Amino acid sequence: MQKQLLVAVALSVCISSALTYKVVIDRLSTNTLHKTKALQNEINELTAHIETLRQVTEKYSVDTFQVTAYSPYDNVSGMENDGNPNKTATGTKPRPGTIAVDPKVIPYGSKIIIIYEDGTVEHGVAEDCGGLIKGNIIDIFRQTYKEAVEHGRREATVIWYND
């Protein structure tokens, strides 16, 4: 009888241990499942953000440029226009917002946002080019030679895009 009692107790302990083990495994599985779902949700969210960024980078280009200014109607220096101050390279009339670009870098017709180091922002359209406008240099329209000289040569972040 004593042997049967020991076997019964041992069996009881084994069954109890097995049940405890099953409960622990079930809890771990449930926690793992919840964590896996949470991670999958985060992955899906990040994937959506990456897709948005991809779409933005396809539309917008950004780079650092040297920004100078020109005044085709006030040709004091003799270098402000190529003989006809009333016509840009694209056939438009120069006006505030006209920007001369290297069309190999920024295509004509691109909308441009210039963000200077001091936080000042200018907007314009790539409509002109100039003999000295090569690579990452742009030239912005100013009414007078004095305004162009006051602008000077400044570094800025330039964003350009086409609709």
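Bear in mind the structure is a predicted one, so any value in this text is a computation, not a measurement.

### Describing the overall build of the protein chain
For the protein chain, the helix and strand inventory stands at 2 helices and 6 strands. Tracing the protein chain from N to C terminus, the helices and strands come up as α-β-β-β-β-β-α-β. Taken across its 163 residues, the protein chain has 25% of its residues classed as buried. Within the protein chain, contacts between residues at least 6 apart in sequence are counted, and of these 74% link residues at least 24 apart.

### Observations regarding the pattern of salt bridges
Taken as a whole and assessed by the stated rule, the structure comprises 4 salt bridges. We note a salt bridge from Arg-95 to Glu-127, for which the minimum N-O separation is 2.8 Å. Here the residue Arg-95 occupies a position in the loop between strand E1 (60-70) and strand E2 (98-100), and Glu-127 occupies one in strand E4 (residues 121-128), the gap between them amounting to 32 residues. The partly exposed category is assigned to Arg-95, whose relative accessible area is 37%. You can call Glu-127 buried: its relative accessible area is 7%. Taking the shortest distance from any N to any O, the salt bridge between Arg-154 and Asp-118 comes out at 3.7 Å. On the criterion of sequence distance, the pair formed by Arg-154 in strand E6 (residues 154-161) and Asp-118 in the loop between strand E3 (111-116) and E4 is long-range, its members being 36 residues apart. We classify Arg-154 as partly exposed; its relative accessible area is 26%.

### Observations regarding the pairing of E4
Pairing of E2 with E4, which is carried by 3 bridges, proceeds in the parallel orientation. If you follow Ile-99 over to E4, its bridge partner there is Ala-126. Pairing analysis gives 5 bridges linking E3 to E4, with the strands arranged antiparallel. Its bridge partner lying in E4, Lys-111 is registered against Val-125. Linkage of E3 to E4, two consecutive antiparallel strands, is achieved through a turn of 4 residues, within which Gly-119 is found at a positive phi near 95°.

### What to know about the nonpolar core
Of all hydrophobic cores here, the largest spans 16 residues; its most connected members are Ile-106, Ile-112, Ile-114, Ile-138 and Val-158. Contributing elements (two or more residues each) for this core: E1, E3, strand E5 (137-141) and E6. Contact partners of Ile-112, with chain neighbours within four places excluded, come to Ile-99, Val-101, Ile-106, Glu-122, His-123, Gly-124, Val-125, Ala-126, Val-158, Ile-159 and Trp-160. In this structure, Tyr-70, Ala-100, Ile-133 and Phe-141 belong to the second largest nonpolar core, which totals 5 residues.

### Let's talk about the side chain of Asp-102
As for its placement among the helices and strands, Asp-102 is situated in the loop between E2 and E3. Once you skip the residues sitting within four places of it in the chain, Asp-102 turns out to touch Ile-133, Lys-134, Gly-135 and Ile-137.

### A short note on the packing of aromatic side chains
This model, assessed by the stated rule, comprises 3 aromatic pairs. Residues Tyr-60 and Tyr-161 carry aromatic rings whose centres are separated by 5.0 Å and whose planes lie at 55° to one another, so their mutual orientation is tilted. Taken together, the positions of Tyr-60 in strand E1 and Tyr-161 in strand E6 put the pair 101 residues apart, joining distant regions of the chain. A relative accessible area of 30% means that Tyr-60 is categorised as partly exposed. A cation sits over an aromatic face here: Arg-154 above Tyr-116, 3.8 Å from the ring centre.

Thresholds, definitions, all that
- Residues numbered from 1 in each chain as written.
- Predicted model: local features only at pLDDT ≥ 70, side-chain atom pairs only at ≥ 80, totals over all residues.
- Heavy atoms only, no water.
- Helix = DSSP H or I, 4+ residues; strand = E, 2+ residues; numbered from the N terminus.
- Buried < 20%, exposed > 50% of the residue type's maximum accessible area, 1.4 Å probe, protein only.
- Contact = heavy atoms within 4.5 Å.
- Salt bridge = Lys/Arg side-chain N within 4 Å of Asp/Glu carboxyl O.
- Pairing = 2+ DSSP bridges.
- Core = buried A, V, L, I, M, F, W, Y, C linked by side-chain atoms within 4.5 Å.
- Phe/Tyr/Trp six-rings, centres within 6.5 Å; stacked < 30°, edge-to-face > 60°.
- Lys NZ or Arg CZ within 6 Å of the ring centre and 35° of its normal.

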